[in-house]
Amino acid sequence: MSKVIKQMEMDALKQDFQGVRDLVVLSVKGMTCQADQTFRANLRKKNIRVKVIKNSLTRKVFGEIGLNVGDDSPYWVGPTTMVFGAGSVAELSQAVDGELKAPKTAPLYKDKVAIKGAVADGQPVPFDTALKMPTRQQAIGAVLAALLSPAASVLGGLVSAGGQVAGQIQKISEKTEEAAPAPEAGGAAV
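All of these numbers come straight from a predicted model, not from anything done at the bench.

Criteria and thresholds
Residues numbered from 1 in each chain as written. Predicted model: local features only at pLDDT ≥ 70, side-chain atom pairs only at ≥ 80, totals over all residues. Heavy atoms only, no water. Helix = DSSP H or I, 4+ residues; strand = E, 2+ residues; numbered from the N terminus. Buried < 20%, exposed > 50% of the residue type's maximum accessible area, 1.4 Å probe, protein only. Contact = heavy atoms within 4.5 Å. Areas by Shrake-Rupley, 256 points an atom, 1.4 Å probe, with all protein chains shown as cover. Patch = residues over 30% accessible without salt bridge, like charges linked within 9 Å, V, L, I, M, F, W, Y side chains within 5 Å. Salt bridge = Lys/Arg side-chain N within 4 Å of Asp/Glu carboxyl O. Lys, Arg positive; Asp, Glu negative; His and termini not counted. Charge placed at Lys NZ, Arg CZ, Asp CG, Glu CD. Expected span 1.5 Å × (residues − 1). Axes fitted to C-alpha atoms, helices over the stretch in contact; angles between N-to-C directions. Parallel < 35°, antiparallel > 145°, perpendicular 65-115°, else oblique. Left-handed = near helix turned anticlockwise from the far one by under 90°.

Tell me what's going on with the overall build of the protein, and back it up with residues and numbers.
Each helix and strand in the protein was counted, giving 7 helices and 5 strands. Listed by position from the N terminus, the elements making up the protein come as α-β-α-β-α-β-α-α-β-β-α-α. Burial statistics for the protein: of 190 residues in total, 29% are counted as buried. Considering only intrachain contacts with a sequence separation of at least 6, the fraction spanning at least 24 residues in the protein is 81%. Of the accessible surface of the protein, which amounts to about 12,200 Å², a share of 58% is contributed by carbon and sulfur atoms.

As structure tokens, then:
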């Protein structure tokens, strides 16, 4: 392959992977064109892209764009297919796992698709870990819960203390009303 062609392919890879920080790495061998079309179409419905890559060129491109998958990584052994495009590595991993294990399509992929791993925020992670990571919405919810929990405790303490003070004031006012004599009716005016 000429240097010009290689450079054109690397430029195309840079364009495709520009801004991508999360992806799943697969090894696909012997899949029929029908199974491949089904796999791609089902993931495309979820705005996920599938790209078969040339390992040597992609290694160089990943180094240039900041995806830290080492040159000696097992991700670069054998045929490699990159799956990317979801909101987070968790959503991406769950979509790929769901597609590979779906009862209707699982027989098409059995013994033909192997998961090599995942890349989360530019760093390689095991696929099992990527599956257990929180999605973007779950992470935002956890952060908000962590932020609001102390505020709720403080507010609860203030409200309960304020309620106790208000209760004491009410009791005191009721006692003073009972203790104060009522003005006499029909008394002489001077």
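Lay out a positive patch on the surface in plain terms, naming residues and giving numbers.
A cluster of like positive charges, contributed by Lys3, Lys6, Lys54 and Lys60, occupies part of the molecular surface. Relative to the helices and strands, Lys3 resides in helix H1 (residues 3-17). Owing to a relative accessible area of 75%, Lys3 belongs among the exposed residues under this scheme.

Let's hear about helix H4 (residues 89-101): which residues, and what values?
Look at H4: 18 Å from first C-alpha to last across 13 residues, which is about the 18 Å you get at 1.5 Å a residue. Where the residues of H4 are buried, they touch strand E1 (23-28), helix H2 (33-44), strand E3 (80-84), helix H5 (106-109), strand E4 (113-120) and helix H6 (127-132).

Got a sec to walk through the packing of H2 against H4? Specific residues and values, please.
H4 packs onto H2 with a crossing angle of 140 degrees between their chain directions and a minimal axis gap of 11 Å. On the basis of their axis angle, the class for H2 and H4 is oblique. For the crossing formed where H2 meets H4, the hand is right-handed. Along the contact surface, H2 presents Thr38, Phe39, Asn42 and Leu43, while H4 presents Ala95, Val96, Glu99 and Leu100.

Describe the side chain of Glu99, naming the residues involved and giving the relevant values.
For Glu99, the position within the fold is in helix H4. Despite its burial, Glu99 pairs with no opposite charge; the closest candidate is Lys46, at 5.2 Å N-O. For Glu99, the contacting residues outside a window of four places in its chain are Thr38, Phe39, Asn42, Leu43, Thr105 and Tyr109.

Account for the pattern of salt bridges, with residues named and values stated.
For the coordinates displayed, the defined rule picks out 6 salt bridges. A salt bridge links Asp121 to Arg21, with the shortest nitrogen-to-oxygen separation between them at 3.7 Å. Here the residue Asp121 occupies a position in the loop between E4 and strand E5 (123-125), and Arg21 occupies one in the loop between H1 and E1, the gap between them amounting to 100 residues. Between Asp36 and Arg40 there is a salt bridge whose closest N-O contact spans 3.1 Å. Taken as a pair, Asp36 and Arg40 lie in helix H2 at a separation of 4 residues, close to a single helical turn. For Asp36, a relative accessible area of 26% translates into the label partly exposed. One continuous salt-bridge network, built from bridges that share partners, spans Asp16, Arg49 and Lys51.

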